[in-house]
Amino acid sequence: MYYSDYHTHTLLSPDSDTPLPLMAQTALDMGLSEICVTDHYDTLEPMGDRSAPFEWAPAVAQIRENQAQFAGKLVIKLGLELGSGHLDRSVLVSAPDALDFVLGSIHNRSEAAGGMDFFYDVPEDAYQTEKGCYTALDDYVSSLEALAPLPVYDVMAHLIYPLRYMQPKCPAVTMDRYAGRIRDLLATVIRSGRGMELNTYRGRTLAEWAPWLRMYRELGGEIVTVGSDAHRPNGMGQGIREAYELLTQCGFRYVCTYDRRKPTFQKL
Ligand SMILES: [Zn+2]
Ligand SMILES: [Zn+2]
């Protein structure tokens, strides 16, 4: 089986301090064949301010060095996790030809709602109540809808992202009430030739993906990538094997890898 982890971070992300060689060696030890390094660039800072431009040179240099070091053992691709790309796509205008893959994420509230990352439970302890969670999720889904039709990503990342931070405080909250809107936005993703991600959140989320994967498959969706969202070696590759099994159960026959922004279908 050709195992790939298409959502990984290194010290070039603000929330990781792991050098790529350590991530890559762990991927090898885990039996993976390919990883994509998707370091962060969010157009909004965690607290909602606009970000300074992304520096491509260190990202390209890091990939080149490690592609040489791991040649013949592990395929390493240059990716980007672009947050709120619907607000500003200039990072892609300046992207090198070597860029293989772009994950499209929404990590932040809309600027009208303050722009802070959903990691932050604001206003104070809002995630303790369903009302507080759904107020934030209403805003989140609207941002996904703004992102979906735009040519600023290859695969839509972690559709259920805010639940990571909400469900530990409010277990009853789900994305179910947005099913109709998510169906429409997945249809948009498919129509525009892009894909969706099964994000294992370092092996912690799996079963909750099943309904969304089935919906996407029913709509005709075929492009899926799988990623652990590892920021440290202990997350690398976590849940990838289980995710492949789940994809098969949900009717998929392929998982995708990317080369210069074009998908390759790898048999499951
Ligand atoms: Zn993310
Ligand atoms: Zn990530």
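Residues numbered from 1 in each chain as written. Chains lettered and ligands numbered in written order. Predicted model: local features only at pLDDT ≥ 70, side-chain atom pairs only at ≥ 80, totals over all residues. Heavy atoms only, no water.

Q: How should I be thinking about the coordination of the zinc ion (ligand 2) in this particular structure?
A: By definition of the ideal shapes, a tetrahedral metal site with four donors has angles of 109.5 degrees and an octahedral site with six donors has angles of 90 or 180 degrees. Taken together, H7 (NE2), H9 (NE2), E81 (OE) and D229 (OD) make up the protein donors of the zinc ion (ligand 2), found 2.1 to 2.3 Å from the metal. What the 4 donor atoms of the zinc ion (ligand 2) show is an angle range of 79 to 167° at the metal, which sorts the shape as irregular. Spacing between the donor residues of the zinc ion (ligand 2) along the chain follows H-x1-H-x71-E-x147-D. You can call D229 buried: its relative accessible area is 3%. (Donors = N, O, S within 2.8 Å, 3.2 Å for Na, K, Ca; no water. Tetrahedral: all angles 85-135°; square planar, octahedral: opposite > 155°, others 65-115°. Buried < 20%, exposed > 50% of the residue type's maximum accessible area, 1.4 Å probe, protein only.)

Q: I would appreciate a short explanation of empty space enclosed by the protein in the present structure.
A: One water molecule sets the probe size; rolling that probe over the atoms shows where empty space is left. With the rule as written, the count across this model stands at 1 cavity of 30 Å³ or more. Empty space within the largest cavity amounts to approximately 40 Å³. What lines the largest cavity is simply V37, D39, F54, A59, Q62, I63, L78, G79 and L80. Elements that contribute at least two residues to the lining of the largest cavity include exactly helix 2 (56-69) and strand 4 (75-83). Grouping the constituent residues of the lining of the largest cavity by class yields 6 nonpolar, 2 polar and 1 charged. (1 Å grid on protein atoms, 1.4 Å probe; cavity = no way out; pocket = protein on both sides within 12 Å on 5 of 7 lines; lining within 4 Å. Points joined across faces, edges and corners; volume = space filled by probe spheres on them. Helix = DSSP H or I, 4+ residues; strand = E, 2+ residues; numbered from the N terminus. Nonpolar A, V, L, I, M, F, W, Y, C, P; charged D, E, K, R; others polar.)

Q: Where do I start with the pattern of salt bridges in this structure?
A: One side chain can pair with another of opposite charge once the charged atoms of both are near each other. By the definition in use, this model includes 7 salt bridges. Between E111 and R50 there is a salt bridge, and its shortest N-O distance comes to 2.8 Å. Taken together, the residues E111 in the loop between strand 5 (101-105) and helix 4 (130-147) and R50 in the loop between strand 3 (40-42) and helix 2 connect sequence positions 61 residues apart. Among the ionic pairs, E145 bridges to R181, the shortest N-O distance being 2.8 Å. Of this pair, E145 sits in helix 4 while R181 is found in helix 6 (residues 179-191), placing the two residues 36 residues apart along the sequence. Since its relative accessible area comes to 31%, E145 is described here as partly exposed. By relative accessible area, which is 31% here, R181 ends up partly exposed. (Salt bridge = Lys/Arg side-chain N within 4 Å of Asp/Glu carboxyl O.)

Q: Quick question: what am I supposed to make of the coordination of the zinc ion (ligand 1) here?
A: Coordination of the zinc ion (ligand 1) by the protein comes from E81 (OE), H107 (NE2) and H158 (NE2), over a distance range of 2.0 to 2.1 Å. Read in sequence order, the donor residues for the zinc ion (ligand 1) give the motif E-x25-H-x50-H. A spacing of 3.3 Å is found between the zinc ion (ligand 1) and the zinc ion (ligand 2), which share E81 as a donor. In this pair, H107 sits in the loop between strand 5 and helix 4 while H158 sits in the loop between strand 6 (155-156) and helix 5 (163-166), placing the two residues 51 residues apart along the sequence. Both residues of the pair, H107 and H158, count as buried.

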